[in-house]
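One-letter residues, chain by chain:
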Amino acid sequence: MKIAYIGDFSDHSFEGLVKIVTILKHNLSKKYDIQENIISDDTKLIHIHSSGFLPAFKKYKYPSIYSIYGNFGISVFKDVKDNYDYYKYLIDPFDDYYSFPERLRKISFRIISLSTPLFIKRLLFKKFDKVIVPSEYMAKKLNLPNVQIIRHGIDLSKFKPAPLLKSEKIRIAYFGHLSASKGLIEVINAFSKIDMNNVEKHIYVTKITKKFKEYVQKIDPTIIIHGVVENIVKEYQSNDIIVLPYRHVGGAIGTPLVLVEAMACGRAVIVSELPHIKEFCGDSVEYIKSCNVRNIVDKIQFLLTNQERIKELGKKASERAKMFDQIQMISEYDRLYLELISKG
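Below is a summary of the structure that appears in this document. (Residues numbered from 1 in each chain as written. Predicted model: local features only at pLDDT ≥ 70, side-chain atom pairs only at ≥ 80, totals over all residues. Heavy atoms only, no water.)

**Points about the pairing of strand E11 (residues 268-272)**
Selection rule: Relative accessibility under 20% of the residue-type maximum defines a buried residue, over 50% an exposed one, and the middle range a partly exposed one, all with a 1.4 Å probe and only protein chains included. Put simply, DSSP H or I for four residues or longer makes a helix, DSSP E for two residues or longer makes a strand, and each gets a number counted from the N terminus. A pair of strands is labelled paired if DSSP reports no fewer than 2 bridges between them. Consider the strands pointing away from the viewer: the crossover is right-handed when the path from the first strand over the helix to the second runs clockwise.
Among the five residues that make up E11, five are buried, leaving the element largely enclosed by the rest of the structure. Where strand E10 (residues 241-244) lies against E11, four bridges are found, and the strand directions are parallel. From the neighbouring strand, Ile 241 faces E11, where its bridge partner is Ala 268. For the crossover that starts at E10, traverses helix H9 (residues 257-264) and ends in the parallel E11, the hand is right-handed. Two elements, E11 and strand E12 (residues 286-288), share three bridges in a ladder whose sense is parallel. Directly across from Val 271, in E12, lies its bridge partner Tyr 287.

See below:
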């Protein structure tokens, strides 16, 4: 049975959307003939993967699923501020992931998406057989009868807890994109205020640029910078506290896989208090206010002096992360495919 996967899958392999699509395609290809961006006469089902809503403008004559990987409810102002900080502190246009025209195109599409009222998005999503979202937060935002929650999953046999390393140094770390929306600038400034001999400060990013290195060197030269690593699980497990101060629901995307992976590895996480993050994490993390460097510093210092709390959070987090099982995610999509194909 032919399934058409529609979306922009040419993006970087570390993008959350591409990771999830790759997992789905690899596993469901054993049962279905999945074709990327090809719709033929014998296509049985169309599955659209998107972080926004622009692909919803198209009409499809086959049963269709629309999987949303992002969040709605982000202001244009916050997005413009993120992009301004991105180019001011982290990257030069010629050193970007994308060419400058590509980046402008992406920013333009994003502004259009953010500026479009939610009621228009609802009208567009109504026509699909199913709209898949990863959280109750997004399901309530859309408030449509065809919405279904399927949580994004990770490989829990790979991302698993390990004892804290016995070391004289306590390691605190940020993992994620070279991105202002992820709170990276706030992390750098917060880390600069942690001046303790027994603390190591690490930043793991998906791209290292000259401007970023210069900025870190200026603010806090003791921070150790890492690029893409060979064994991400080992790196999670080598740190004691992981700090993820997302600026807003857009920076935290639909499901921040870094957050879920760190939790599954049994690490104490400090993360922004956002609606869908609270839904995902419950009481298994320490929460901070977004864009609040002082609050980040206070939470880090609290954990640095409370080893038992670090261990307690690690245990709670690894247990909580079990709700993000990729086996369950694949199984739910498989059932949905069969249901829609059988209806024709």
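**Focus on a nonpolar patch on the surface**
Let me state the cut-off plainly: Two distance rules govern patches: like charges are joined within 9 Å, and nonpolar side chains (Val, Leu, Ile, Met, Phe, Trp, Tyr) within 5 Å, applied only to residues with over 30% relative accessible area and no salt bridge. For every accessible area listed, the method is Shrake-Rupley and the probe measures 1.4 Å; residues are considered covered only by the protein chains on display. Just to be clear on terms, a salt bridge is a Lys or Arg side-chain nitrogen sitting within 4 Å of an Asp or Glu carboxyl oxygen.
On the surface, a cluster of nonpolar side chains totalling about 360 Å² of accessible area is made up of Leu 54, Phe 57, Phe 109 and Ile 112. Tracing the sequence through the fold places Ile 112 in helix H3 (residues 100-115). Its relative accessible area of 45% is what places Ile 112 among the partly exposed residues.

**Some points on the sheet that holds strand E8 (residues 199-205)**
Short version of the rule: The axes are straight lines fitted to the C-alpha atoms, using for helices just the contacting stretch, and the angles between their N-to-C directions are given from 0 to 180°. Contact between two residues is taken to exist if any of their heavy atoms lie within 4.5 Å; hydrogens are not considered.
Here six strands make up an open sheet; going across it, the order is E9-E8-E7-E10-E11-E12 and the pairing parallel. Where the open sheet ends on each side, the last strands, each with one partner, are strand E9 (224-226) and E12. In this sheet, adjacent strand axes meet at a mean angle of 25° when their direction is disregarded. Those strands touched by H9 are strand E7 (170-176), E10 and E11, and its axis lies near 155° from that of E11. The strands touched by helix H12 (residues 307-320) within the sheet are E7, E10, E11 and E12, with E11 carrying the most contacts at an inclination of about 80°.

**Thoughts on the pairing of strand E4 (residues 64-68)**
Each regular strand shows side chains that alternate between the opposite faces of the sheet. In terms of residue burial, E4 counts as a mostly covered element, since five of its five residues are buried. Here E4 shows no split at all, with Ser 64, Tyr 66 and Ile 68 on one side and Ile 65 and Ser 67 on the other all buried. Of the pairings in the sheet, the one linking strand E3 (residues 43-50) to E4 comprises five bridges and is parallel in character. Each bridged residue has a counterpart across the sheet, and for His 47 the counterpart in E4 is Ile 65. Summarising the sheet, E4 and strand E5 (residues 130-133) pair through three bridges and their orientation is parallel. The residue of E5 that forms the bridge with Ser 67 is Ile 132.

**Description of the packing of aromatic side chains**
Stated formally: The rule is short: rings of Phe, Tyr and Trp, with Trp giving its six-membered ring, pair when the centres are within 6.5 Å, and they are stacked under 30 degrees, edge-to-face over 60, tilted in between.
If you walk through the whole model with that rule in mind, you get 12 aromatic pairs. Centre to centre, the rings of Tyr 32 and Tyr 337 are 5.3 Å apart; their planes meet at 75°, and the pair counts as edge-to-face. With Tyr 32 in the loop between helix H1 (16-28) and strand E2 (33-36) and Tyr 337 in helix H13 (residues 326-343), this pair connects stretches of sequence that are 305 residues apart. Of the residues examined, Tyr 32 reaches a relative accessible area of 3% and is grouped as buried. Judged by its relative accessible area of 0%, Tyr 337 is buried.

**Things to note about the side chain of Ser 40**
Among the structural elements, Ser 40 can be located in the loop between E2 and E3. Leaving out residues up to four positions away in the same chain, Ser 40 has contacts with Lys 2, Gln 35 and Tyr 62.

**Re the environment of Asp 155**
Locating Asp 155 in the fold gives a position in the loop between strand E6 (147-149) and E7. Here Asp 155 falls in the partly exposed class, since its relative accessible area comes to 27%. Sequence separation between Asp 155 and Ile 23 is 132 residues, and the spatial gap between their C-alpha atoms is 9.5 Å.

**Considerations on the pattern of salt bridges**
Tallied over the entire structure, the rule returns 23 salt bridges. The shortest N-O distance in the salt bridge between Lys 343 and Glu 339 comes to 3.5 Å. Within this pair, Lys 343 and its partner Glu 339 are both found in helix H13, separated by four residues, close to a single helical turn. According to the relative accessible area criterion, Lys 343 is exposed, its value standing at 63%. Take Glu 339: its relative accessible area is 32%, and that puts it in the partly exposed class. Connected through salt bridges with shared partners, the residues Asp 283, Glu 286, Lys 299, Arg 309, Glu 312 and Lys 316 form a single ionic network.

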